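Structural description and commentary
One-letter residues, chain by chain:
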Amino acid sequence: MTTIPTKASARLPKIHLDKTLVGRLEVLASAMMRRAPEVGERLMDEIARAKLVAPDKLRDDIVTIGSEVTYRDLTSARLQTVIVVYPEDADIDQHRISVLTPIGVALLGLSVGATISWVTRDDETRQLEVVSVKPPSDQ
């Protein structure tokens, strides 16, 4: 798949991923291709453009699986705090969102201060800004 750079892709923020998570994320993205191809493709694109780092080199202000993230929806100025998790650990009542949701994919790998566009399930394009990140509590 060849991607032609556009203005929008040229402005994507840098992202960093724990290289030990990439295999599982790729499997999850592939599985999503049947149910929600736009989410699966977006996750694959994010993995492909990410700088892969060893887990001990991943900064605490980078969103990874298990991170608690506060972000601002730049359309509504609303702040929201969520924890990005694998699908089996998702629980919206506890603000635990799956990495296989549009917002989960958008947040993955971002650092504090980064902004990114994402497309909601209602096909609405929104912008978010990462306000704070707490590293996973098991580290």
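Notes on the structure in this doc start here. (Residues numbered from 1 in each chain as written. Predicted model: local features only at pLDDT ≥ 70, side-chain atom pairs only at ≥ 80, totals over all residues. Heavy atoms only, no water.)

1. So, the nonpolar core
Nonpolar side chains tend to gather and get buried jointly when the protein is soluble and globular. If you look at the biggest cluster of nonpolar residues, it comprises 35 residues, and the most contacted ones within it are Leu25, Val99, Leu107 and Leu128. Contributions of two or more residues to this core are made by α2 (22–35), α3 (37–49), β3 (68–73), β4 (79–85), α4 (102–107), β6 (115–119) and β7 (125–134). Of all the elements, α2 adds the most residues to this core, at five residues. If sequence neighbours within four positions are ignored, leucine 107 has contacts with Val63, Val69, Tyr71, Val82, Val84, Ile97, Leu128 and Val130. (Core = buried A, V, L, I, M, F, W, Y, C linked by side-chain atoms within 4.5 Å. Buried < 20%, exposed > 50% of the residue type's maximum accessible area, 1.4 Å probe, protein only. Helix = DSSP H or I, 4+ residues; strand = E, 2+ residues; numbered from the N terminus. Contact = heavy atoms within 4.5 Å.)

2. Here's the deal with the packing of α2 against α3
Running from amino to carboxyl end, α2 crosses α3 at an angle of 155 degrees, the nearest separation of the two axes being 6 Å. Between α2 and α3, the angle falls in the class roughly antiparallel. The handedness of the crossing between α2 and α3 comes out as left-handed. Side by side, α2 and α3 meet where Val22, Leu25, Glu26, Ala29, Ser30, Met32, Met33 and Arg35 of the first sit next to Pro37, Val39, Gly40, Glu41, Leu43, Met44 and Ile47 of the second. Here the contact of α2 with α3 is composed, by residue class, of ten nonpolar, two polar and three charged. (Axes fitted to C-alpha atoms, helices over the stretch in contact; angles between N-to-C directions. Parallel < 35°, antiparallel > 145°, perpendicular 65-115°, else oblique. Left-handed = near helix turned anticlockwise from the far one by under 90°. Nonpolar A, V, L, I, M, F, W, Y, C, P; charged D, E, K, R; others polar.)

3. Points about α3
Residues spaced three or four apart along an α-helix face the same direction, because each turn holds 3.6 residues. Compared with an ideal rise of 1.5 Å per residue, which puts 13 residues at 18 Å, α3 spans 18 Å between its outermost C-alpha atoms and is within 8% of the ideal. If you check which residues of α3 are buried, you get Val39, Gly40, Leu43, Glu46 and Ile47. In a view along the axis of α3, the buried residues occupy a sector of 125 degrees, so they form one face of it. Away from its buried face by more than 90 degrees, α3 exposes Glu38 and Ala48. (Expected span 1.5 Å × (residues − 1). Arc of directions from axis to C-beta.)

4. Considerations on a negative patch on the surface
There is a patch of like negative charges on the surface, built from Glu38, Glu41, Asp45, Asp122 and Asp123. Tracing the sequence through the fold places glutamate 41 in helix α3. Given a relative accessible area of 42%, glutamate 41 falls into the partly exposed group. (Patch = residues over 30% accessible without salt bridge, like charges linked within 9 Å, V, L, I, M, F, W, Y side chains within 5 Å. Areas by Shrake-Rupley, 256 points an atom, 1.4 Å probe, with all protein chains shown as cover. Salt bridge = Lys/Arg side-chain N within 4 Å of Asp/Glu carboxyl O. Lys, Arg positive; Asp, Glu negative; His and termini not counted. Charge placed at Lys NZ, Arg CZ, Asp CG, Glu CD.)

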